[in-house]
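These are the residues of each chain, in order.
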Amino acid sequence: MDWQLAWDSLGPIVRGAVLGTVPLALISFALGLVLALGIALARISKVRVLSAAARFVISVVRGTPLLVQLFVIFYGLPSLGLTIPPWPSAVIAFSINVGGYGAEIIRAAILSVPAGQWEAGYTVSMSRSLTLRRIILPQAARVSVPPLSNTFISLVKDTSLASLILVTELFREAQKIAAFSQEFMLLYIEAAVVYWVICLGLSAVQGRLEKRLDRYVAHT
Amino acid sequence: MSLTPDRPSVPGSTGGTGVPLLRATGLRKAFGELEVLKGVDLQVRRGKVLVLIGPSGSGKTTVLRSLNALTPPDSGVIELDGDRVDFGADVAPRARAAERARLRDASGMVFQHYNLFPHKTVLENVIEGPVVVQRRPRDAAIADAEALLARVGLESKRDVYPFQLSGGQQQRVGIVRALALKPKLLLFDEPTSALDPEIVGDVLSIMSELAHEDWTMVVVTHELSFAREVADEVAFLDGGVVVERGAPADLFTAPREPRTREFLNRLLRPLD
Ligand SMILES: Nc1ncnc2c1ncn2[C@@H]1O[C@H](COP(=O)(O)OP(=O)(O)OP(=O)(O)O)[C@@H](O)[C@H]1O
Ligand SMILES: [Mg+2]
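Quick caveat: nothing in here was measured; it's all calculated off a predicted structure.

Enquirer: What am I meant to see in the overall build of chain B here?
Expert: Scanning chain B from terminus to terminus reveals 9 helices and 10 strands. By the compact-globule yardstick of 19 Å for 272 residues, chain B fits well, its C-alpha radius of gyration being 18 Å. Every one of the 272 residues in chain B was classed for burial, and the buried ones make up 54%. A sequence separation of at least 24 residues applies to 66% of the contacts in chain B between residues at least 6 apart. When the accessible area of chain B is evaluated, it comes to approximately 11800 Å², of which 48% is carbon and sulfur surface. Side-chain charges of chain B comprise 34 positive and 37 negative groups, with the mean position of each set lying 4 Å from the other.

Enquirer: I tried to follow the site of ligand 1 on my own but got confused; where do I start?
Expert: All names here are of chain B. All residues adjacent to ligand 1 are Phe31, Leu34, Val36, Pro55, Ser56, Gly57, Ser58, Gly59, Lys60, Thr61, Thr62 and Glu190. Serine 58 is positioned with one of its backbone polar atoms (N or O) 3.2 Å from an oxygen atom of ligand 1. Here an oxygen atom of ligand 1 sits 2.7 Å away from a polar atom, N or O, in the side chain of lysine 60. In isolation ligand 1 offers 630 Å² of accessible surface; the protein chains occlude 58% of this area. Among the elements of the structure, strand 2 (34-45) and helix 1 (60-67) are those that each provide at least two residues to the shell around ligand 1. Tallying contributions element by element places helix 1 first for the shell around ligand 1, with 3 residues. Residue composition of the shell around ligand 1, by class: 4 nonpolar, 6 polar and 2 charged.

Enquirer: I would appreciate a short explanation of the interface of chain B and chain A in the present structure.
Expert: Quoted interface sizes are often the accessible area lost when the parts come together. Contact residues are listed per partner, giving 22 residues for chain B and 20 residues for chain A. Here chain B is connected to chain A by 2 salt bridges. As a salt-bridge pair, arginine 65 of chain B and glutamate 119 of chain A come within 2.7 Å of each other at their nearest N and O atoms. Applying the counting rule to chain B against chain A returns 7 residue pairs in polar contact (both at pLDDT 80 or more). Listing elements by their share of the side of chain B that touches chain A, those giving two or more residues are helix 2 (93-106), strand 6 (107-110) and helix 3 (122-133) of chain B. At 4 residues, the largest contribution of residues to the side of chain B that touches chain A is made by helix 3 of chain B. Of the residues assigned to the side of chain B that touches chain A, the class counts are 11 nonpolar, 5 polar and 6 charged.

Enquirer: How do you make sense of the environment of glycine 207 of chain A when you look at a structure like this?
Expert: Along the chain, the position of glycine 207 of chain A falls in helix 8 (residues 184-214). Sequence separation of glycine 207 of chain A and serine 154 of chain A is 53 residues, and the distance between their C-alpha atoms is 16 Å.

Enquirer: Teacher, can you tell me more about the UniProt feature "transmembrane region" (unreviewed entry) in chain A here?
Expert: All names here are of chain A. In the numbering used here, UniProt assigns the feature "transmembrane region" (unreviewed entry) to residues 20-44, 56-77 and 185-205. Between the end C-alpha atoms of residues 56-77 the distance is 21 Å, and the span holds 86% helix and 0% strand. Along residues 185-205 the backbone is 100% helical and 0% strand, and the end-to-end C-alpha distance reaches 30 Å.

Enquirer: Even after reading the chapter, I still don't get the sheet that holds strand 1 (residues 20-31) of chain B, so can you show me in this structure?
Expert: Sheets are built from strands that pair by backbone hydrogen bonding, the pairs being arranged parallel or antiparallel. All names here are of chain B. One open sheet holds the 4 strands; their spatial order is 2-1-4-5, and the pairing between them is antiparallel. Here the strands that pair on one side only, and so sit at the sheet edges, are strand 2 and strand 5 (83-86). Adjacent strand axes in the sheet meet at a mean angle of 10 degrees when their direction is disregarded. Note: strand 4 (residues 75-80) against strand 5, 4 bridges, orientation antiparallel. Counted as the bridge partner of isoleucine 78 is valine 85 from strand 5.

Enquirer: What should I look at first to understand the UniProt feature "domain: ABC transporter" (unreviewed entry) in chain B in this one?
Expert: In the numbering adopted here, UniProt assigns the feature "domain: ABC transporter" (unreviewed entry) to residues 22-264 of chain B. Overall, residues 22-264 of chain B shows 40% helix and 26% strand. The separation of its end C-alpha atoms is 27 Å.

Enquirer: Could you clarify how one ought to interpret the layout of surface pockets in this entry?
Expert: Remark: the empty space left among the atoms is shown by a probe the size of a water molecule rolled over them. Residues and elements named next belong to chain A. Volume-wise, the second largest pocket comes out at about 360 Å³. Taken together, 17 residues make up the lining of the second largest pocket; nearest its centre are Phe29, Leu33, Ser144, Val145 and Leu148. Elements with a contribution of two residues or more to the lining of the second largest pocket: helix 1 (3-44), helix 6 (128-158) and helix 8. Considering each element in turn, the lining of the second largest pocket owes the most residues, 9 residues, to helix 6.

Conventions adopted
- Residues numbered from 1 in each chain as written.
- Chains lettered and ligands numbered in written order.
- Predicted model: local features only at pLDDT ≥ 70, side-chain atom pairs only at ≥ 80, totals over all residues.
- Heavy atoms only, no water.
- Helix = DSSP H or I, 4+ residues; strand = E, 2+ residues; numbered from the N terminus.
- Rg over C-alpha atoms; globule rule 2.2 N^0.38 Å.
- Buried < 20%, exposed > 50% of the residue type's maximum accessible area, 1.4 Å probe, protein only.
- Contact = heavy atoms within 4.5 Å.
- Areas by Shrake-Rupley, 256 points an atom, 1.4 Å probe, with all protein chains shown as cover.
- Lys, Arg positive; Asp, Glu negative; His and termini not counted.
- Charge placed at Lys NZ, Arg CZ, Asp CG, Glu CD.
- Near = heavy atom within 4 Å.
- Polar contact = N/O pair within 3.5 Å; in protein donor to acceptor, adjacent residues only side chain to side chain.
- Nonpolar A, V, L, I, M, F, W, Y, C, P; charged D, E, K, R; others polar.
- Salt bridge = Lys/Arg side-chain N within 4 Å of Asp/Glu carboxyl O.
- UniProt positions renumbered as here; feature names shortened; annotations may be inferred.
- Pairing = 2+ DSSP bridges.
- Axes fitted to C-alpha atoms, helices over the stretch in contact; angles between N-to-C directions.
- 1 Å grid on protein atoms, 1.4 Å probe; cavity = no way out; pocket = protein on both sides within 12 Å on 5 of 7 lines; lining within 4 Å.
- Points joined across faces, edges and corners; volume = space filled by probe spheres on them.

In structure tokens:
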């Protein structure tokens, strides 16, 4: 085992994580959540066109590989005259992906709030949108924290696919050093460990977040 | 703040001749094939208490939820304090929504399972409607809420969450939440059915206080002693119609209809 190489390569790999993987995941997740909420609301909307459109988007996102989505945006769109640089391409693909999966999570969470909560909102004179915003969504948010956290953790790992469209991130750094040094096993294990450490940290944050939100939920 | 509704008392409201505050005529409702209401007529005069009784599945809840349009009837007319909504009329969806909102705004509802907002404290539950919808000043709403909570013995619970309360306490908050909106009409759907027997009395006594303070109430309940003591009128619902109605003294002691008699017998002697 080449410990010196392991140590020397840790710098670039961690830099790839900090400048590539982590911001890519955070930005895509934040945008994806906004998208997810919008798609979820469209999906439960009584306006047929909206809910049909939402169902279509969800179906496409969930029914096609993320790698293919990424390639369509980065390598496919230029043939239509639309060239998007690697980073934005990755952000677009990942946010749409989070939007699709997150929409189903948020929709399920909204539906899990008992009908009595809608009715209680109505009987204190609230409109449908006010009830949604002040009564239903806060309760749905609590329910969706665990599955959304899982989505985020998956996203962190999926960002490694961005290396295939030339985004400089954790895995691409590892690949470069591996190709140069021919120490494939060492570098890929090292990359795996760094991903693992990031995900361990995220799981810990998730646990604490759930505990904090738990105080506000009905214990029936 | 007293629990008394915030409006001048109407002359004649204690007599038998006042104009009804609420009049429902010909309420019909079907769920798919199942005809639940087949033409229900009801009236309640201002400051009076109407108790609805009837077997399980007879449509009591459906009637109550028609009155605030939570479950809009398929047809029938509801007149509430001069506001007339004809559910059979062909009305644009937007106008219908506005009509339903008006009925909802005019009444407060207390649910069997309380339906408090679990993510809000007791105080927040109570002031939600007054502050967010009615746009009353927050301080005034809080002062009113505190006074109401004190009236039902829950002043010390203002900052706790619903899950920290017993069922009886939650239901008292449910009542206060309805009162805080100062509705014209209070609707109760089996408010004590989910409670342990020993706390049923607490909630019923708050309700009879409200009755004595001139609130207009429609109450669905199986508590016949409450009906006997508090109701001005009792209506027996069965098979989607009001089979019989009258003053509790008459209806309970000398029911005219065989179906009423049978129902009361079963309720009073459940072990036979
Ligand atoms: N949303 C609904 N969809 C379909 N059927 C319904 C719905 N609500 C009520 N029903 C049916 O309508 C009938 C009357 O129901 P309702 O709840 O009004 O009766 P109830 O008199 O309140 O009964 P209980 O004493 O058991 O509360 C029942 O057969 C019930 O199953
Ligand atoms: Mg019922």
